[in-house]
Amino acid sequence: MSREVVAILDFGSQYGQLIARRVREQNVFSRICRADISAQELSKMPLKGLILSGGPASVYDKNAIKCDEKIFELDVPILGICYGMQLACQILGAKIVPAERREYGRTNLSILDKSDLFASLPESITAWASHGDQIEDLGGDFVKLASTETCPFAAVRHKKKKFFGVQFHPEVSHTPKGSQILENFLYDICGCAGDWKMSDFAGETVEAVRKQVGSDTVICGLSGGVDSSVVASLVHKSIGDQLVCIFVDNGLLRKNEREHVVSTFRNHFHMDLRVVDWSEQFLAGLKGVIEPQQKRKIIGAEFIKAFESEAAKIPNAKFLAQGTLYPDVIESGSKDGNPAANIKLHHNVGGLPEELGFDLVEPLRDLFKDEVRTVGEYLGLPEDIVWRHPFPGPGLAVRIVGDVTPQRLEILRAADEILIDEIKSAGLYRKISQALAVLLPISTVGVMGDERSYENVVAIRAVETVDFMTADFSRIPYEVLGIISNRIINEVRGVNRVVYDTSSKPPATIEWE
(Lines give C-alpha, C1' and ligand atoms only; values in the text may rest on other atoms or scores of the structure.)
Protein backbone atom coordinates (compact mmCIF):
# COMPACT_ATOMS: atom_id res chain seq x y z
CA MET A 1 0.00 0.00 0.00
CA SER A 2 1.39 3.39 -0.98
CA ARG A 3 -1.61 5.49 0.09
CA GLU A 4 -1.40 7.26 3.44
CA VAL A 5 -3.22 5.41 6.18
CA VAL A 6 -4.54 6.07 9.66
CA ALA A 7 -4.62 2.84 11.65
CA ILE A 8 -7.32 2.22 14.24
CA LEU A 9 -6.43 -0.11 17.08
CA ASP A 10 -9.63 -1.90 18.06
CA PHE A 11 -10.08 -2.58 21.78
CA GLY A 12 -13.56 -4.07 21.30
CA SER A 13 -15.47 -0.83 20.89
CA GLN A 14 -19.02 -0.93 19.59
CA TYR A 15 -18.02 2.17 17.60
CA GLY A 16 -14.82 0.77 16.06
CA GLN A 17 -16.24 0.53 12.55
CA LEU A 18 -17.82 3.95 12.93
CA ILE A 19 -14.42 5.49 13.65
CA ALA A 20 -13.11 3.94 10.45
CA ARG A 21 -16.02 5.35 8.48
CA ARG A 22 -15.65 8.84 9.94
CA VAL A 23 -11.97 8.90 8.99
CA ARG A 24 -12.77 7.80 5.43
CA GLU A 25 -15.43 10.48 5.17
CA GLN A 26 -12.54 12.93 5.59
CA ASN A 27 -10.91 11.36 2.47
CA VAL A 28 -8.29 9.59 4.56
CA PHE A 29 -7.90 5.83 4.29
CA SER A 30 -8.35 3.97 7.58
CA ARG A 31 -7.48 0.42 8.47
CA ILE A 32 -8.69 -1.42 11.57
CA CYS A 33 -6.02 -3.47 13.33
CA ARG A 34 -6.02 -5.70 16.35
CA ALA A 35 -5.29 -3.83 19.57
CA ASP A 36 -1.98 -5.60 20.23
CA ILE A 37 -0.50 -5.19 16.76
CA SER A 38 3.22 -4.58 17.10
CA ALA A 39 4.81 -1.20 16.52
CA GLN A 40 7.14 -2.93 14.06
CA GLU A 41 4.18 -4.11 11.96
CA LEU A 42 2.61 -0.65 12.05
CA SER A 43 5.90 0.89 10.94
CA LYS A 44 5.61 -1.02 7.65
CA MET A 45 2.52 1.01 6.72
CA PRO A 46 2.63 4.54 5.23
CA LEU A 47 1.28 5.61 8.61
CA LYS A 48 0.11 9.16 9.20
CA GLY A 49 -1.57 8.62 12.55
CA LEU A 50 -3.06 6.19 15.04
CA ILE A 51 -6.45 6.12 16.75
CA LEU A 52 -6.98 3.98 19.84
CA SER A 53 -10.66 3.00 20.09
CA GLY A 54 -12.88 2.70 23.11
CA GLY A 55 -13.64 -0.64 24.70
CA PRO A 56 -15.78 -2.35 27.34
CA ALA A 57 -13.01 -3.17 29.84
CA SER A 58 -11.28 -1.17 32.56
CA VAL A 59 -7.58 -0.50 32.05
CA TYR A 60 -6.77 -1.73 35.56
CA ASP A 61 -8.55 -5.10 35.05
CA LYS A 62 -6.29 -8.15 35.17
CA ASN A 63 -7.23 -9.24 31.65
CA ALA A 64 -7.59 -5.78 30.13
CA ILE A 65 -6.51 -5.54 26.48
CA LYS A 66 -3.20 -3.72 26.14
CA CYS A 67 -1.28 -2.27 23.21
CA ASP A 68 2.38 -2.40 22.29
CA GLU A 69 3.88 0.49 24.28
CA LYS A 70 6.43 1.05 21.52
CA ILE A 71 3.69 2.64 19.38
CA PHE A 72 4.44 5.86 21.27
CA GLU A 73 7.91 5.80 19.71
CA LEU A 74 6.61 5.71 16.11
CA ASP A 75 6.70 9.51 15.79
CA VAL A 76 3.13 9.71 14.47
CA PRO A 77 0.26 11.51 16.22
CA ILE A 78 -2.03 9.30 18.31
CA LEU A 79 -5.62 10.00 19.34
CA GLY A 80 -7.04 7.97 22.21
CA ILE A 81 -10.82 7.73 22.51
CA CYS A 82 -12.41 6.73 25.84
CA TYR A 83 -10.67 3.44 26.78
CA GLY A 84 -7.95 4.29 24.28
CA MET A 85 -7.35 7.57 26.10
CA GLN A 86 -7.26 5.89 29.51
CA LEU A 87 -4.86 3.16 28.39
CA ALA A 88 -2.46 5.60 26.76
CA CYS A 89 -2.56 7.98 29.71
CA GLN A 90 -1.92 5.08 32.08
CA ILE A 91 1.11 4.00 30.02
CA LEU A 92 2.38 7.58 29.95
CA GLY A 93 2.11 8.11 33.70
CA ALA A 94 -1.46 9.16 34.57
CA LYS A 95 -3.67 7.43 37.16
CA ILE A 96 -7.02 5.91 36.13
CA VAL A 97 -9.75 5.16 38.69
CA PRO A 98 -13.47 4.37 38.79
CA ALA A 99 -15.37 7.65 38.54
CA GLU A 100 -17.51 8.78 41.47
CA ARG A 101 -20.24 9.53 38.95
CA ARG A 102 -20.34 7.60 35.69
CA GLU A 103 -20.97 9.61 32.55
CA TYR A 104 -23.33 8.20 29.92
CA GLY A 105 -25.10 10.09 27.16
CA ARG A 106 -24.95 13.75 26.20
CA THR A 107 -22.77 16.04 28.25
CA ASN A 108 -21.57 19.62 28.01
CA LEU A 109 -17.89 19.87 27.13
CA SER A 110 -16.04 23.02 28.20
CA ILE A 111 -13.05 23.60 25.91
CA LEU A 112 -10.08 25.18 27.65
CA ASP A 113 -7.45 25.06 24.88
CA LYS A 114 -8.30 25.67 21.20
CA SER A 115 -4.79 25.64 19.78
CA ASP A 116 -4.91 22.28 17.96
CA LEU A 117 -7.45 19.47 18.52
CA PHE A 118 -10.29 21.90 19.23
CA ALA A 119 -9.28 24.62 16.78
CA SER A 120 -12.17 26.67 15.35
CA LEU A 121 -14.66 25.21 17.84
CA PRO A 122 -16.75 27.24 20.31
CA GLU A 123 -15.83 27.24 24.00
CA SER A 124 -18.67 24.85 24.83
CA ILE A 125 -20.01 21.93 22.78
CA THR A 126 -22.27 18.91 23.24
CA ALA A 127 -20.42 15.59 23.44
CA TRP A 128 -21.48 11.97 23.83
CA ALA A 129 -19.86 10.13 26.73
CA SER A 130 -19.96 6.48 27.76
CA HIS A 131 -17.54 5.66 30.58
CA GLY A 132 -17.33 4.56 34.19
CA ASP A 133 -13.60 5.23 34.66
CA GLN A 134 -11.64 8.41 34.23
CA ILE A 135 -8.30 10.08 34.94
CA GLU A 136 -7.79 11.07 38.57
CA ASP A 137 -4.22 12.33 38.37
CA LEU A 138 -2.60 13.53 35.12
CA GLY A 139 0.94 13.52 36.47
CA GLY A 140 3.27 16.20 35.19
CA ASP A 141 3.41 15.40 31.46
CA PHE A 142 -0.10 16.31 30.28
CA VAL A 143 -2.02 19.48 29.49
CA LYS A 144 -5.75 19.59 30.15
CA LEU A 145 -7.71 20.61 27.02
CA ALA A 146 -11.35 20.19 28.08
CA SER A 147 -13.58 19.17 30.97
CA THR A 148 -17.18 18.34 31.84
CA GLU A 149 -19.11 18.75 35.06
CA THR A 150 -18.20 15.22 36.23
CA CYS A 151 -14.96 14.62 34.30
CA PRO A 152 -12.19 17.17 35.00
CA PHE A 153 -9.88 15.69 32.32
CA ALA A 154 -12.25 15.13 29.39
CA ALA A 155 -9.51 15.87 26.84
CA VAL A 156 -5.72 16.04 27.22
CA ARG A 157 -2.50 16.50 25.27
CA HIS A 158 0.91 15.10 26.19
CA LYS A 159 3.63 17.73 26.57
CA LYS A 160 6.39 15.76 24.83
CA LYS A 161 4.78 13.04 22.73
CA LYS A 162 2.26 13.48 19.91
CA PHE A 163 -0.60 12.08 21.93
CA PHE A 164 -4.11 13.48 22.36
CA GLY A 165 -6.90 11.89 24.36
CA VAL A 166 -10.65 12.48 24.57
CA GLN A 167 -12.92 10.85 27.14
CA PHE A 168 -15.97 11.27 24.90
CA HIS A 169 -16.82 9.88 21.44
CA PRO A 170 -16.24 12.32 18.55
CA GLU A 171 -17.16 9.62 16.02
CA VAL A 172 -20.88 9.44 16.90
CA SER A 173 -23.53 11.80 15.54
CA HIS A 174 -24.51 12.72 19.11
CA THR A 175 -21.27 14.74 19.23
CA PRO A 176 -22.27 17.33 16.59
CA LYS A 177 -18.79 18.86 16.32
CA GLY A 178 -17.09 15.47 16.30
CA SER A 179 -16.30 15.61 12.59
CA GLN A 180 -14.48 18.93 13.08
CA ILE A 181 -12.43 17.41 15.91
CA LEU A 182 -11.45 14.46 13.72
CA GLU A 183 -10.68 16.80 10.82
CA ASN A 184 -8.38 18.83 13.07
CA PHE A 185 -6.59 15.65 14.14
CA LEU A 186 -6.26 14.23 10.63
CA TYR A 187 -5.22 17.37 8.77
CA ASP A 188 -3.76 19.87 11.23
CA ILE A 189 -2.07 17.38 13.55
CA CYS A 190 -1.32 14.35 11.34
CA GLY A 191 -0.78 16.34 8.16
CA CYS A 192 -2.89 14.05 5.98
CA ALA A 193 -3.25 14.93 2.30
CA GLY A 194 -6.74 13.43 1.96
CA ASP A 195 -5.99 11.16 -1.01
CA TRP A 196 -8.69 8.51 -0.39
CA LYS A 197 -11.05 8.70 -3.39
CA MET A 198 -13.24 5.97 -4.84
CA SER A 199 -12.10 6.79 -8.36
CA ASP A 200 -8.49 6.23 -7.27
CA PHE A 201 -9.50 3.05 -5.45
CA ALA A 202 -11.18 1.67 -8.56
CA GLY A 203 -8.18 2.41 -10.76
CA GLU A 204 -5.72 0.96 -8.27
CA THR A 205 -7.88 -2.13 -7.76
CA VAL A 206 -8.11 -2.79 -11.49
CA GLU A 207 -4.32 -2.77 -11.65
CA ALA A 208 -3.98 -4.89 -8.51
CA VAL A 209 -6.36 -7.55 -9.86
CA ARG A 210 -4.53 -7.61 -13.20
CA LYS A 211 -1.23 -8.11 -11.40
CA GLN A 212 -2.63 -10.78 -9.07
CA VAL A 213 -4.33 -12.80 -11.80
CA GLY A 214 -1.84 -12.59 -14.63
CA SER A 215 -3.02 -14.72 -17.56
CA ASP A 216 -5.21 -17.06 -15.49
CA THR A 217 -8.98 -17.26 -15.56
CA VAL A 218 -11.14 -15.82 -12.78
CA ILE A 219 -14.53 -17.19 -11.84
CA CYS A 220 -16.98 -14.76 -10.25
CA GLY A 221 -20.02 -15.82 -8.30
CA LEU A 222 -22.58 -13.40 -9.69
CA SER A 223 -25.86 -12.97 -7.83
CA GLY A 224 -27.03 -9.70 -9.36
CA GLY A 225 -26.70 -7.79 -6.10
CA VAL A 226 -24.59 -4.65 -5.88
CA ASP A 227 -21.58 -6.36 -4.25
CA SER A 228 -21.09 -9.16 -6.77
CA SER A 229 -22.04 -6.82 -9.64
CA VAL A 230 -19.35 -4.30 -8.69
CA VAL A 231 -16.81 -7.11 -8.26
CA ALA A 232 -17.70 -8.52 -11.69
CA SER A 233 -17.42 -5.07 -13.28
CA LEU A 234 -14.08 -4.33 -11.61
CA VAL A 235 -12.61 -7.68 -12.60
CA HIS A 236 -14.05 -7.51 -16.13
CA LYS A 237 -12.57 -4.01 -16.54
CA SER A 238 -9.25 -5.44 -15.40
CA ILE A 239 -8.96 -8.70 -17.35
CA GLY A 240 -11.86 -8.74 -19.83
CA ASP A 241 -12.59 -12.18 -21.28
CA GLN A 242 -10.44 -13.91 -18.65
CA LEU A 243 -13.47 -13.50 -16.37
CA VAL A 244 -16.19 -16.16 -16.34
CA CYS A 245 -19.25 -15.40 -14.22
CA ILE A 246 -21.29 -18.21 -12.72
CA PHE A 247 -24.84 -17.66 -11.58
CA VAL A 248 -26.14 -20.42 -9.32
CA ASP A 249 -29.91 -20.86 -9.30
CA ASN A 250 -30.34 -22.29 -5.82
CA GLY A 251 -34.12 -22.34 -5.91
CA LEU A 252 -34.10 -19.74 -3.14
CA LEU A 253 -34.24 -16.67 -5.34
CA ARG A 254 -36.68 -13.79 -5.60
CA LYS A 255 -39.26 -13.82 -8.35
CA ASN A 256 -37.71 -13.52 -11.84
CA GLU A 257 -34.23 -13.14 -10.36
CA ARG A 258 -32.55 -15.51 -12.75
CA GLU A 259 -34.03 -13.87 -15.83
CA HIS A 260 -32.99 -10.40 -14.66
CA VAL A 261 -29.36 -11.41 -14.05
CA VAL A 262 -29.02 -13.13 -17.42
CA SER A 263 -30.55 -10.18 -19.26
CA THR A 264 -28.33 -7.63 -17.52
CA PHE A 265 -24.91 -9.26 -17.55
CA ARG A 266 -24.99 -11.56 -20.54
CA ASN A 267 -27.02 -9.42 -22.91
CA HIS A 268 -26.15 -5.88 -21.76
CA PHE A 269 -22.61 -6.12 -20.39
CA HIS A 270 -21.59 -9.00 -22.71
CA MET A 271 -19.93 -10.99 -19.98
CA ASP A 272 -19.31 -14.73 -20.20
CA LEU A 273 -22.12 -15.84 -17.86
CA ARG A 274 -22.83 -19.49 -17.07
CA VAL A 275 -26.07 -20.49 -15.32
CA VAL A 276 -26.09 -23.55 -13.06
CA ASP A 277 -29.49 -24.85 -11.96
CA TRP A 278 -28.78 -26.49 -8.60
CA SER A 279 -32.20 -25.86 -7.06
CA GLU A 280 -33.05 -29.53 -6.48
CA GLN A 281 -29.82 -30.16 -4.59
CA PHE A 282 -30.26 -27.08 -2.37
CA LEU A 283 -33.84 -27.90 -1.46
CA ALA A 284 -33.01 -31.54 -0.81
CA GLY A 285 -30.19 -30.54 1.54
CA LEU A 286 -32.41 -28.09 3.42
CA LYS A 287 -35.32 -30.47 3.89
CA GLY A 288 -36.30 -30.57 7.56
CA VAL A 289 -33.47 -28.19 8.63
CA ILE A 290 -34.63 -25.30 10.83
CA GLU A 291 -31.43 -24.11 12.60
CA PRO A 292 -30.17 -20.93 10.88
CA GLN A 293 -26.42 -21.61 11.06
CA GLN A 294 -26.96 -25.14 9.77
CA LYS A 295 -28.94 -23.74 6.85
CA ARG A 296 -26.08 -21.42 5.99
CA LYS A 297 -23.52 -24.24 6.19
CA ILE A 298 -25.59 -26.50 3.95
CA ILE A 299 -26.14 -23.71 1.44
CA GLY A 300 -22.44 -22.82 1.50
CA ALA A 301 -21.48 -26.44 0.86
CA GLU A 302 -23.94 -26.83 -2.01
CA PHE A 303 -22.82 -23.49 -3.40
CA ILE A 304 -19.26 -24.81 -3.66
CA LYS A 305 -20.44 -28.03 -5.28
CA ALA A 306 -22.37 -26.04 -7.88
CA PHE A 307 -19.31 -23.92 -8.57
CA GLU A 308 -17.05 -26.92 -8.85
CA SER A 309 -19.42 -28.62 -11.28
CA GLU A 310 -19.17 -25.64 -13.65
CA ALA A 311 -15.56 -24.74 -12.90
CA ALA A 312 -14.50 -28.19 -14.06
CA LYS A 313 -15.67 -27.15 -17.53
CA ILE A 314 -13.60 -23.93 -17.52
CA PRO A 315 -9.93 -24.29 -18.51
CA ASN A 316 -7.23 -22.53 -16.49
CA ALA A 317 -9.68 -21.45 -13.74
CA LYS A 318 -7.44 -20.54 -10.79
CA PHE A 319 -9.19 -17.64 -9.03
CA LEU A 320 -12.58 -17.04 -7.45
CA ALA A 321 -13.74 -13.42 -7.18
CA GLN A 322 -16.39 -12.60 -4.62
CA GLY A 323 -18.02 -9.57 -3.02
CA THR A 324 -16.86 -9.88 0.56
CA LEU A 325 -17.28 -6.54 2.38
CA TYR A 326 -15.76 -5.17 5.57
CA PRO A 327 -18.88 -5.81 7.71
CA ASP A 328 -19.02 -9.41 6.37
CA VAL A 329 -15.52 -10.04 7.66
CA ILE A 330 -16.17 -8.41 11.02
CA GLU A 331 -19.46 -10.24 11.70
CA SER A 332 -17.99 -13.57 10.67
CA GLY A 333 -15.54 -13.40 13.54
CA SER A 334 -12.20 -11.97 12.48
CA LYS A 335 -10.54 -8.91 11.05
CA ASP A 336 -6.78 -8.85 10.66
CA GLY A 337 -6.53 -11.55 13.31
CA ASN A 338 -8.64 -9.65 15.83
CA PRO A 339 -11.04 -11.97 17.68
CA ALA A 340 -14.67 -10.91 17.46
CA ALA A 341 -18.00 -12.47 18.31
CA ASN A 342 -19.29 -14.70 15.51
CA ILE A 343 -22.72 -13.20 14.88
CA LYS A 344 -23.55 -15.29 11.84
CA LEU A 345 -21.79 -17.13 9.05
CA HIS A 346 -21.66 -14.99 5.95
CA HIS A 347 -22.08 -16.73 2.63
CA ASN A 348 -18.92 -15.10 1.29
CA VAL A 349 -16.82 -15.86 4.34
CA GLY A 350 -17.83 -18.71 6.63
CA GLY A 351 -19.16 -20.97 3.89
CA LEU A 352 -15.87 -21.46 2.04
CA PRO A 353 -14.05 -24.70 2.88
CA GLU A 354 -10.26 -24.80 2.94
CA GLU A 355 -10.22 -27.32 0.10
CA LEU A 356 -11.99 -24.88 -2.22
CA GLY A 357 -9.20 -25.13 -4.76
CA PHE A 358 -9.26 -21.48 -5.87
CA ASP A 359 -7.22 -18.47 -4.83
CA LEU A 360 -9.52 -15.65 -3.75
CA VAL A 361 -9.92 -12.25 -5.36
CA GLU A 362 -11.77 -9.99 -2.91
CA PRO A 363 -11.36 -6.41 -4.15
CA LEU A 364 -14.09 -4.99 -1.88
CA ARG A 365 -12.91 -6.60 1.35
CA ASP A 366 -12.00 -3.28 2.98
CA LEU A 367 -15.08 -1.31 1.86
CA PHE A 368 -18.39 -0.47 3.47
CA LYS A 369 -21.63 -0.81 1.52
CA ASP A 370 -22.00 2.88 0.62
CA GLU A 371 -18.40 2.93 -0.64
CA VAL A 372 -19.20 -0.05 -2.88
CA ARG A 373 -22.15 1.86 -4.34
CA THR A 374 -19.85 4.80 -5.08
CA VAL A 375 -17.48 2.49 -6.94
CA GLY A 376 -20.45 1.06 -8.85
CA GLU A 377 -21.52 4.53 -9.95
CA TYR A 378 -17.96 5.31 -11.02
CA LEU A 379 -17.93 2.12 -13.11
CA GLY A 380 -21.17 3.12 -14.81
CA LEU A 381 -23.43 0.40 -13.46
CA PRO A 382 -27.19 1.05 -13.85
CA GLU A 383 -28.93 2.77 -10.94
CA ASP A 384 -31.25 -0.19 -10.28
CA ILE A 385 -28.19 -2.37 -9.63
CA VAL A 386 -26.12 0.16 -7.69
CA TRP A 387 -28.99 1.02 -5.35
CA ARG A 388 -30.56 -2.42 -5.13
CA HIS A 389 -31.27 -3.51 -1.57
CA PRO A 390 -28.96 -6.21 -0.20
CA PHE A 391 -30.09 -9.79 -0.66
CA PRO A 392 -28.40 -12.55 1.38
CA GLY A 393 -26.32 -15.22 -0.34
CA PRO A 394 -28.47 -17.98 1.20
CA GLY A 395 -31.48 -16.26 -0.35
CA LEU A 396 -34.99 -16.77 0.94
CA ALA A 397 -33.88 -19.74 3.05
CA VAL A 398 -32.84 -17.34 5.83
CA ARG A 399 -36.07 -15.39 5.47
CA ILE A 400 -38.16 -18.48 6.11
CA VAL A 401 -38.03 -19.17 9.82
CA GLY A 402 -38.29 -22.93 10.09
CA ASP A 403 -38.54 -25.55 7.37
CA VAL A 404 -37.82 -24.47 3.79
CA THR A 405 -40.27 -26.05 1.33
CA PRO A 406 -41.30 -25.21 -2.25
CA GLN A 407 -44.74 -24.15 -1.02
CA ARG A 408 -43.37 -21.79 1.62
CA LEU A 409 -40.91 -20.34 -0.88
CA GLU A 410 -43.75 -19.48 -3.26
CA ILE A 411 -45.64 -17.72 -0.46
CA LEU A 412 -42.58 -15.66 0.48
CA ARG A 413 -41.70 -14.81 -3.13
CA ALA A 414 -45.17 -13.41 -3.70
CA ALA A 415 -45.12 -11.40 -0.46
CA ASP A 416 -41.63 -10.08 -1.19
CA GLU A 417 -42.61 -8.92 -4.66
CA ILE A 418 -45.57 -6.96 -3.26
CA LEU A 419 -43.42 -5.36 -0.54
CA ILE A 420 -40.74 -4.13 -2.96
CA ASP A 421 -43.34 -3.00 -5.50
CA GLU A 422 -45.20 -0.88 -2.96
CA ILE A 423 -42.18 0.81 -1.37
CA LYS A 424 -41.01 1.72 -4.87
CA SER A 425 -44.45 3.07 -5.73
CA ALA A 426 -44.39 5.17 -2.56
CA GLY A 427 -40.98 6.64 -3.48
CA LEU A 428 -39.34 5.06 -0.43
CA TYR A 429 -36.94 2.57 -2.01
CA ARG A 430 -33.86 4.82 -1.94
CA LYS A 431 -34.66 6.09 1.56
CA ILE A 432 -34.94 2.55 2.94
CA SER A 433 -31.60 0.75 3.08
CA GLN A 434 -33.03 -2.77 3.10
CA ALA A 435 -36.56 -4.14 3.04
CA LEU A 436 -37.56 -7.76 3.31
CA ALA A 437 -40.45 -10.07 4.05
CA VAL A 438 -40.07 -12.98 6.49
CA LEU A 439 -42.30 -16.05 6.66
CA LEU A 440 -42.84 -17.07 10.27
CA PRO A 441 -43.23 -20.66 11.52
CA ILE A 442 -46.64 -19.99 13.03
CA SER A 443 -50.25 -19.80 11.91
CA THR A 444 -52.94 -17.56 13.35
CA VAL A 445 -56.71 -17.52 13.37
CA GLY A 446 -58.43 -15.15 11.00
CA VAL A 447 -61.72 -14.56 9.23
CA MET A 448 -61.68 -14.53 5.45
CA GLY A 449 -65.11 -14.04 3.94
CA ASP A 450 -67.50 -15.69 6.38
CA GLU A 451 -65.15 -18.53 7.21
CA ARG A 452 -62.53 -19.13 9.87
CA SER A 453 -58.95 -19.29 8.57
CA TYR A 454 -55.80 -20.61 10.19
CA GLU A 455 -52.91 -19.49 8.00
CA ASN A 456 -49.38 -18.09 7.84
CA VAL A 457 -47.95 -14.87 9.27
CA VAL A 458 -45.61 -12.64 7.24
CA ALA A 459 -43.33 -10.15 9.01
CA ILE A 460 -42.15 -7.02 7.19
CA ARG A 461 -38.69 -5.65 7.99
CA ALA A 462 -37.36 -2.32 6.70
CA VAL A 463 -34.29 -0.53 8.05
CA GLU A 464 -32.27 2.61 7.49
CA THR A 465 -28.51 2.56 7.94
CA VAL A 466 -25.27 4.01 6.60
CA ASP A 467 -22.88 1.11 7.07
CA PHE A 468 -25.11 -1.89 8.01
CA MET A 469 -23.15 -2.30 11.24
CA THR A 470 -25.98 -0.49 13.05
CA ALA A 471 -29.50 0.17 11.80
CA ASP A 472 -32.86 1.55 12.86
CA PHE A 473 -36.27 0.50 11.61
CA SER A 474 -37.81 2.63 8.88
CA ARG A 475 -40.77 4.82 9.78
CA ILE A 476 -42.88 3.72 6.82
CA PRO A 477 -46.14 5.72 6.75
CA TYR A 478 -49.11 3.80 8.14
CA GLU A 479 -51.03 4.16 4.91
CA VAL A 480 -48.20 2.48 2.97
CA LEU A 481 -47.97 -0.31 5.52
CA GLY A 482 -51.73 -0.70 5.22
CA ILE A 483 -51.51 -1.10 1.44
CA ILE A 484 -48.69 -3.64 1.76
CA SER A 485 -50.58 -5.65 4.35
CA ASN A 486 -53.84 -5.53 2.45
CA ARG A 487 -52.26 -6.67 -0.82
CA ILE A 488 -50.31 -9.53 0.78
CA ILE A 489 -53.35 -10.86 2.62
CA ASN A 490 -55.59 -10.57 -0.43
CA GLU A 491 -53.16 -11.69 -3.13
CA VAL A 492 -50.95 -14.28 -1.42
CA ARG A 493 -52.86 -17.47 -0.78
CA GLY A 494 -52.00 -18.91 2.63
CA VAL A 495 -51.40 -15.64 4.54
CA ASN A 496 -53.93 -14.04 6.87
CA ARG A 497 -51.75 -11.75 9.02
CA VAL A 498 -48.92 -9.22 8.41
CA VAL A 499 -46.79 -7.70 11.20
CA TYR A 500 -44.07 -5.02 11.15
CA ASP A 501 -40.65 -5.44 12.82
CA THR A 502 -39.65 -2.32 14.81
CA SER A 503 -36.38 -3.59 16.33
CA SER A 504 -33.03 -1.90 15.76
CA LYS A 505 -29.56 -3.37 15.13
CA PRO A 506 -28.22 -3.99 17.69
CA PRO A 507 -29.67 -5.87 19.49
CA ALA A 508 -31.39 -7.52 16.51
CA THR A 509 -29.67 -8.30 13.23
CA ILE A 510 -31.20 -7.04 9.98
CA GLU A 511 -32.00 -10.51 8.68
CA TRP A 512 -34.02 -12.74 10.97
CA GLU A 513 -31.71 -15.73 10.57
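Further up the page is the structure itself.
A brief report on the enclosed structure follows. Nothing here was measured: the structure is a model prediction, and the numbers come from that model.

What counts and what doesn't
- Residues numbered from 1 in each chain as written.
- Predicted model: local features only at pLDDT ≥ 70, side-chain atom pairs only at ≥ 80, totals over all residues.
- Heavy atoms only, no water.
- Helix = DSSP H or I, 4+ residues; strand = E, 2+ residues; numbered from the N terminus.
- Rg over C-alpha atoms; globule rule 2.2 N^0.38 Å.
- Buried < 20%, exposed > 50% of the residue type's maximum accessible area, 1.4 Å probe, protein only.
- Contact = heavy atoms within 4.5 Å.
- Areas by Shrake-Rupley, 256 points an atom, 1.4 Å probe, with all protein chains shown as cover.
- Lys, Arg positive; Asp, Glu negative; His and termini not counted.
- Charge placed at Lys NZ, Arg CZ, Asp CG, Glu CD.
- Core = buried A, V, L, I, M, F, W, Y, C linked by side-chain atoms within 4.5 Å.
- Axes fitted to C-alpha atoms, helices over the stretch in contact; angles between N-to-C directions.
- Parallel < 35°, antiparallel > 145°, perpendicular 65-115°, else oblique.
- Left-handed = near helix turned anticlockwise from the far one by under 90°.
- Nonpolar A, V, L, I, M, F, W, Y, C, P; charged D, E, K, R; others polar.
- Expected span 1.5 Å × (residues − 1).

### Some details on the overall build of the protein
Inference 1: Within the protein one finds 14 helices and 20 strands.
Inference 2: For a compact globule of 513 residues, the expected C-alpha radius of gyration is about 24 Å, and the protein comes in at 25 Å, within 12% of that figure.
Inference 3: Seen along its three principal axes, the alpha-carbon backbone of the protein occupies a region of about 75 × 65 × 40 Å.
Inference 4: In the protein, buried positions account for 58% of the 513 residues.
Inference 5: A fraction of 74% describes how many contacts in the protein between residues 6 or more apart in sequence connect residues 24 or more apart.
Inference 6: When the accessible surface of the protein is split by element, carbon and sulfur atoms take 48% of a total near 21,900 Å².
Inference 7: With 58 positive and 70 negative side-chain charges, the protein shows a spacing of 1 Å between the two charge centroids.

### Overview of the nonpolar core
Inference 1: Formed by 72 residues in total, the largest nonpolar core has its most connected members in L9, L42, L50, I71, C89, F163 and L364.
Inference 2: For this core, the leading source of residues is helix α6 (residues 226-239), giving seven residues.
Inference 3: Every residue in contact with C89, bar those within four places of it in the chain, is listed here: A94, I96, I135, F142, V156 and F163.
Inference 4: Counting residues in hydrophobic clusters, the runner-up holds 50 residues, among them L320, A435, A437 and V480.

### What to know about the packing of α6 against helix α11 (residues 369-379)
When two helices pack together, their arrangement is given by the angle between their axes and by how far apart the axes lie.
Inference 1: α11 packs onto α6 with a crossing angle of 45 degrees between their chain directions and a minimal axis gap of 10 Å. Judged by the angle between their axes, α6 and α11 are oblique. Of the two possible hands of crossing, α6 and α11 adopt the one that is left-handed. Counting all contacts with α6, which are made through V226, D227, V230, S233, L234 and K237, the residues of α11 involved are K369, V372, R373, V375, G376 and L379.
Inference 2: Taken together, the residues of the contact of α6 with α11 sort by class into six nonpolar, two polar and four charged.

### Points about helix α4 (residues 178-189)
Inference 1: Between its first and last C-alpha atoms α4 spans 15 Å; for twelve residues at 1.5 Å apiece the expected length is 16 Å, and the two agree.
Inference 2: For α4, every residue scored as buried is listed here: G178, I181, L182, N184, F185, L186 and I189.
Inference 3: Taken together, the buried residues of α4 touch β1 (5-10), α1 (16-25), β3 (47-52), β4 (78-81), β6 (124-137) and β9 (163-166).
Inference 4: Two residues or fewer past α4, G191 is found with a positive phi of approximately 75 degrees.

### Focus: helix α13 (residues 406-425)
Inference 1: Taking 1.5 Å per residue, 20 residues should reach 28 Å; α13 reaches 29 Å between its end C-alpha atoms and fits that length.
Inference 2: Where α13 is concerned, the buried positions are R408, L409, I411, L412, R413, A415, D416, I418, L419, I420, E422 and I423.
Inference 3: Tucked inside the fold, the buried residues of α13 contact α8 (279-286), β17 (434-448), β18 (451-464), α14 (478-491) and β20 (495-500).
Inference 4: G427 occupies a position one or two residues after α13 and carries a positive phi of about 75 degrees.

### Some thoughts on unusual backbone geometry
Most peptide bonds adopt trans geometry, and most residues besides glycine take a negative phi value.
Inference 1: Look at the link from K505 to P506: it is a cis peptide, with omega at -15 degrees.
Inference 2: Considering the arrangement of structural elements, one finds P506 in the segment after β20.
Inference 3: Here the amide bond leading from P506 into P507 is cis, since omega sits at 15 degrees, within 30 degrees of zero.
Inference 4: With respect to the helices and strands, P507 occurs in the segment after β20.
Inference 5: In this model, S120 sits at a positive phi of 70 degrees, which is unusual for a non-glycine residue.
Inference 6: Looking at where S120 falls in the secondary structure, it is placed in the loop between β5 (95-111) and β6.
Inference 7: Among the residues examined, S120 registers a relative accessible area of 73% and is labelled exposed.

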